[in-house]
There are 2 protein chains.
Amino acid sequence: MRIIVDAMGGDNAPLAIVEGALDAAKDENLNIVLVGDEAKVGEIIASRGACPANVTVHHAAESVTMEDDPLGVLRTKKDSSMAVSLRMLQSGDGDAVVSAGNTGALLFAATHYVRTVHGVRRAPIATILPLPHPVLLLDSGANLGYHTDYDVQWAVMGSIYMKNAGGVENPRVALLNNGTEPTKGVPEVADAYKLLAARDDINFIGNVESRDIPAGVCDVLVTDGFTGNIVIKLMEGMGTFFKETMNDVFSQTVASRLGYLTVRGSLHRTLHSLSSECTGGAPILGLRKPVIKAHGNSNAAAAAAAIRQAAIFASSGAIEAVAAAAPSFTDVDVPAPAGV
Amino acid sequence: MRIIVDAMGGDNAPLAIVEGALDAAKDENLNIVLVGDEAKVGEIIASRGACPANVTVHHAAESVTMEDDPLGVLRTKKDSSMAVSLRMLQSGDGDAVVSAGNTGALLFAATHYVRTVHGVRRAPIATILPLPHPVLLLDSGANLGYHTDYDVQWAVMGSIYMKNAGGVENPRVALLNNGTEPTKGVPEVADAYKLLAARDDINFIGNVESRDIPAGVCDVLVTDGFTGNIVIKLMEGMGTFFKETMNDVFSQTVASRLGYLTVRGSLHRTLHSLSSECTGGAPILGLRKPVIKAHGNSNAAAAAAAIRQAAIFASSGAIEAVAAAAPSFTDVDVPAPAGV
């Protein structure tokens, strides 16, 4: 298994990415190609000791920044570590790509170089929500606006991913909606409900309201990219808010500061388990080969988790299963409104 | 100030609503009319002692249930406490209505009986988010789907409400979006940004991402009813989740159970301040008279807070200010896309 890593992508690149790759390389079944500035990457590796036999560096002169126009990656940044990584994947020089770089650029470039499976309308970013019970939320920000057929395709692809790469036997698939009744939501979502309920290749459990997300009532949660993005960032913001609130509560008196000492260990373990470090990056689904988007602010642990996730994705058979399911996507036909 | 209270609306009606009304009636400047089953309401009042001089009961034979089709309130439930309350408001027999009943029914009935201000396209439900810094989120679920002109009208109405009834001098108005750049979001939201930036009657601060909501970076947050509903319910769900997580953390060892005792007081005060009991119900904006939607599961404290909120709304001048601003709503014209 050979994982191509965009060493220059993300807020803490290349340092955190290279460190994460070196950590992931302790698994001798993995071969890791770090794509990026050979001098900088080599220097970080050298500072950590001898380069492991299963880690190589592939030079790329440029890198995509967070400020770059996403389309630029295909025009002015063709020699960026991101574009080079994806072309290597496309040409068979590796089994999966991991990048923590500019999300929009990665989507454009992955769709351009790696391409979507025939029949897939749009490739969604599928994010594992950092909760005690893992929930795969898709789309988490790639494709904005309500589309019935996107919802249906994403539900099927999300189910395949959680089954093959997530180890969930019969994933419970739900639509995120503003109520549980089948007719709830904007017309596009209500239509998606009908189509999903009629499919026999997924375990569709109906609508889920956002208040029930943290309780883990489903394994796959389908929504449009706008709503998905709001959900992920609100969970992040609420997490920060509660941490700050607890800090305030614990710091109020001498007694409460002592009280903090009694829970410090379990509190930190709990908060750590709810951080994105443990969830391992977000697969972009519907592409012909595995691409994992790591969080932009990935530290070394998050980068290592994303690389391991990429290896699981590549060996899971999920890509092949999506390709096998895709012919059914062309059958998607929204039932006509009542009375027409 | 005469507040009309739908005594039969909500999960805990009539008991919690009547108790809340009796509590609110301690303010002698308020006159409260409880609309509902005279026998049941009278019995609850009698069980609490003599009926205060500023509380009266107006009989209504029926009530709208949570299961009722919202449209039914105008057809088969014309004599319900909700419909009677709104007709009393419309005919001048009171200054504001408070109901914890079926949200959809209240919206239909309020729009039908009380009517929207001329020029207002849709009446949004504006909810004060239960956060240390109050944020008025609108729409929180009344009107689904993206509409540029709704966003613009709601921004102006939300700003007026927070200024007149919320005591915020120069409310910071923001659009909820998936990024802070002006061009972010679905086209309808990006268009709303342009129109809002061009207005001089509001303090528009641009886009806000959901992760920044809890920090109180704005006073008024505008979004469509679908997204707004997801936000409110996710905040609720995350609150429950964190409470349960903290319970787990504190219950793990003898020491941690003792540690809990050191923060119990401040923890409960903090959690209470973040509950909807303190926020006092959600105004439906853009109507010709004040209508407050109390939370469906309101207890007595929440009902009392909603009644006080209704009195503030009715005396705030917000209704008149919206009517004065509404002529500018008809000027709404989305700029043509670049190049057209």
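Just so it is clear, the model here is predicted, and its values are computed rather than measured. (Residues numbered from 1 in each chain as written. Chains lettered and ligands numbered in written order. Predicted model: local features only at pLDDT ≥ 70, side-chain atom pairs only at ≥ 80, totals over all residues. Heavy atoms only, no water.)

**With respect to the overall build of chain A**
Applied cut-off: The secondary structure listing takes helices from DSSP runs of H or I that are at least 4 residues long and strands from runs of E that are at least 2 residues long, numbered from the N terminus. Based on C-alpha atoms, the radius of gyration is set beside the globule rule, defined as 2.2 Å times the residue count to the power 0.38. Using a 1.4 Å probe on the protein chains alone, a residue whose accessible area is under 20% of its type maximum counts as buried, one over 50% counts as exposed, and one in between counts as partly exposed. In this analysis, two residues are considered to be in contact whenever any of their non-hydrogen atoms come within 4.5 Å of each other. To measure how exposed things are, a 1.4 Å probe is used in the Shrake-Rupley method; for residues, cover is taken only from the protein chains shown. Charge assignment: positive for Lys and Arg, negative for Asp and Glu; neither His nor the chain ends contribute. Note that the charge is assigned to NZ on lysines, CZ on arginines, CG on aspartates and CD on glutamates.
Helix and strand counts for chain A come out as eleven helices and eleven strands. Computed over the C-alpha atoms, the radius of gyration of chain A is 21 Å, within 12% of the 20 Å expected from 2.2 N^0.38 for a compact globule of 340 residues. Dimensions of chain A, computed from C-alpha atoms along their principal axes, come out at roughly 70 × 65 × 35 Å. Split into buried and exposed, the 340 residues of chain A put 56% on the buried side. Within chain A, counting contacts between residues at least 6 apart in sequence, those at least 24 apart form 71% of the total. For chain A, the exposed surface amounts to about 13600 Å²; the carbon and sulfur share of it is 51%. Positive and negative side-chain charges of chain A, numbering 26 and 36 respectively, have mean locations separated by a distance of 2 Å.

**A word on the packing of aromatic side chains**
The condition is simple: Centres within 6.5 Å are what make two rings of Phe, Tyr or Trp a pair, Trp counting through its six-membered ring; a difference in plane orientation under 30 degrees is then read as stacked, over 60 as edge-to-face, and the rest as tilted.
As enumerated under the stated definition, the model contains 15 aromatic pairs over all chains in all. Residues Tyr146(A) and Phe226(B) carry aromatic rings whose centres are separated by 5.6 Å and whose planes lie at 80° to one another, so their mutual orientation is edge-to-face. Residue Tyr146(A) is located in the loop between β6 (135–138) and α6 (148–164), and its partner Phe226(B) is located in helix α7 (residues 225–250); the two belong to separate chains. Using a relative accessible area of 11% as the deciding quantity, one classes Tyr146(A) as buried. Residue Phe226(B) is classed as buried on the basis of its relative accessible area of 0%. Taken together through their ring pairs, the aromatic side chains of Tyr146(A), Phe226(A), Tyr146(B) and Phe226(B) make up a single cluster.

**A look at helix α10 (residues 300–315) of chain A**
Residue and element names in this part refer to chain A. Rule in force here: Each residue after the first adds 1.5 Å to the expected span of a helix. Polar contacts, as used here, are pairs of N or O atoms within 3.5 Å; protein pairs need one atom able to donate a hydrogen and one able to accept it. Residues neighboring in sequence count only if both atoms are side-chain atoms.
In this model, α10 (16 residues) spans 23 Å end to end at C-alpha, consistent with the 22 Å of a helix rising 1.5 Å per residue. Among the residues of α10, Ala302, Ala303, Ala304, Ala305, Ala306, Ile307, Gln309, Ala310, Ala311 and Phe313 are the ones counted as buried. The N-cap of α10, judged by a side-chain oxygen 3.2 Å from the amide nitrogen of Ala301 a few residues on, is Asn299. A positive backbone phi angle near 80° is found at Gly317, which sits one or two residues after α10.

**Examining the interface of chain B and chain A**
Basically, it comes down to this: Put simply, buried area is how much 1.4 Å-probe accessible surface two parts lose in total, over both of them, once they are put together. We count a salt bridge whenever a side-chain nitrogen from Lys or Arg sits within 4 Å of a carboxyl oxygen from Asp or Glu.
Between chain B and chain A, the residue contacts involve 47 residues of the former and 47 residues of the latter. Between chain B and chain A, roughly 4200 Å² of surface is buried when both sides are summed, and carbon and sulfur atoms account for 76% of that area. Put simply, chain B and chain A have four salt bridges between them. Residues Glu209(B) and Lys233(A) are paired through a salt bridge, measuring 2.4 Å at the closest nitrogen-oxygen approach. At the level of elements, α7 and α8 (254–273) of chain B are the ones that each hand at least two residues to the side of chain B that touches chain A. The greatest single-element share of the side of chain B that touches chain A, amounting to 18 residues, is contributed by α7(B).

**With respect to the pairing of strand β3 (residues 55–59) of chain A**
Residues and elements named next belong to chain A. Just so we agree on the cut-off: Pairing between two strands is assigned when DSSP locates at least 2 bridges connecting them. Look down the strands so they point away from you; if the path from the first strand over the helix to the second goes clockwise, the crossover is right-handed.
Bridge count for strand β2 (residues 31–36) against β3 is five bridges, and the pairing is parallel. Residue Val35 lies in a different strand from β3, and its bridge partner there is His58. In the classification by handedness, the crossover that spans β2, the intervening helix α2 (residues 38–47) and the parallel β3 is right-handed.

**Side note on the pairing of strand β5 (residues 126–129) of chain A**
Residues and elements named next belong to chain A. The alternating pattern of β5 places Ala126 and Ile128 on one face and Thr127 and Leu129 on the opposite face, and all of these are buried. Sheet analysis places β5 next to β6, joined by four bridges and oriented antiparallel. Residue pairing for β6: Ala126 is matched across the bridge by Leu138. Turn length for the β5-β6 hairpin, with the two strands adjacent in sequence and antiparallel, is five residues.

**A closer look at the relation of the copies chain B and chain A**
So the rule is basically this: The fit set for superposing copies consists of C-alpha atoms from residues with pLDDT of at least 70 in both; the fit itself is least squares.
After a rotation of 180° and a shift along the axis of 0.0 Å, chain B superposes on chain A with an RMSD of 0.0 Å. Here the copies are linked by what is in effect a two-fold axis. Taking the C-alpha atom as reference, chain B places Gly259(B) closest to the rotation axis, 1.9 Å from it.

**Here's the deal with the sheet that holds β2(A)**
What links the strands of a sheet is backbone hydrogen bonding, and the strands pair in either a parallel or an antiparallel sense. Residues and elements named next belong to chain A. Formally: Orientation is described by lines fitted to C-alpha atoms, with helices fitted over the stretch in contact, and by angles between N-to-C directions that extend from 0 to 180 degrees.
One open sheet holds the six strands; their spatial order is β3-β2-β1-β4-β11-β10, and the pairing between them is mixed. Strands at the two margins of the open sheet, each flanked by one partner only, are β3 and β10 (282–284). Neighbour-to-neighbour, the strand axes of the sheet open up by a mean angle of 25°, direction not taken into account. With five bridges connecting them, strand β1 (residues 2–6) and β2 associate as parallel partners. Within β2, the position partnered with Arg2 by the bridge is Asn31. Against the sheet, helix α1 (residues 15–24) makes contact with β1, β2 and β3, and its axis sits at roughly 170° relative to β2, the strand it touches most.

**Quick word on the side chain of Asn177(A)**
Within the secondary structure, Asn177(A) sits in the loop between β7 (172–176) and α7 (187–197). Residue classification places Asn177(A) among the buried positions, given a relative accessible area of 1%.

**What about the confidence of the model for chain A?**
Just so we agree on the cut-off: A residue's pLDDT is simply how confident the predictor is in it, with values from 0 to 100.
For chain A, the average pLDDT comes to 92, and 96% of its residues sit at 70 or higher. Taken over the whole predicted complex, pTM reads 0.92, whereas the ipTM for its chain interfaces reads 0.91.

**Considering the sheet that holds strand β7 (residues 172–176) of chain B**
All names here are of chain B. Taking strand neighbours across the sheet as the criterion, the five strands line up as β5-β6-β9-β7-β8 in an open arrangement whose pairing is mixed. Of all strands in the sheet, those bounded by a partner on one side alone are β5 (126–129) and β8 (203–208). Across this sheet, the average inter-strand angle for adjacent strands is 30°, counted without regard to direction.

**Notes on unusual backbone geometry**
Backbone torsion omega between Ala13(B) and Pro14(B) reads -5°, so that peptide bond is classified as cis. The residue Pro14(B) is located in the loop between β1 (2–6) and α1 (15–24) in this model. Looking along the chain, the bond that leaves Leu138(B) and enters Asp139(B) is cis, with omega of 5°. Assignment of secondary structure puts Asp139(B) in the loop between β6 (135–138) and α5 (148–164). Despite not being glycine, Arg115(A) has its phi angle at roughly 70°, a positive value.

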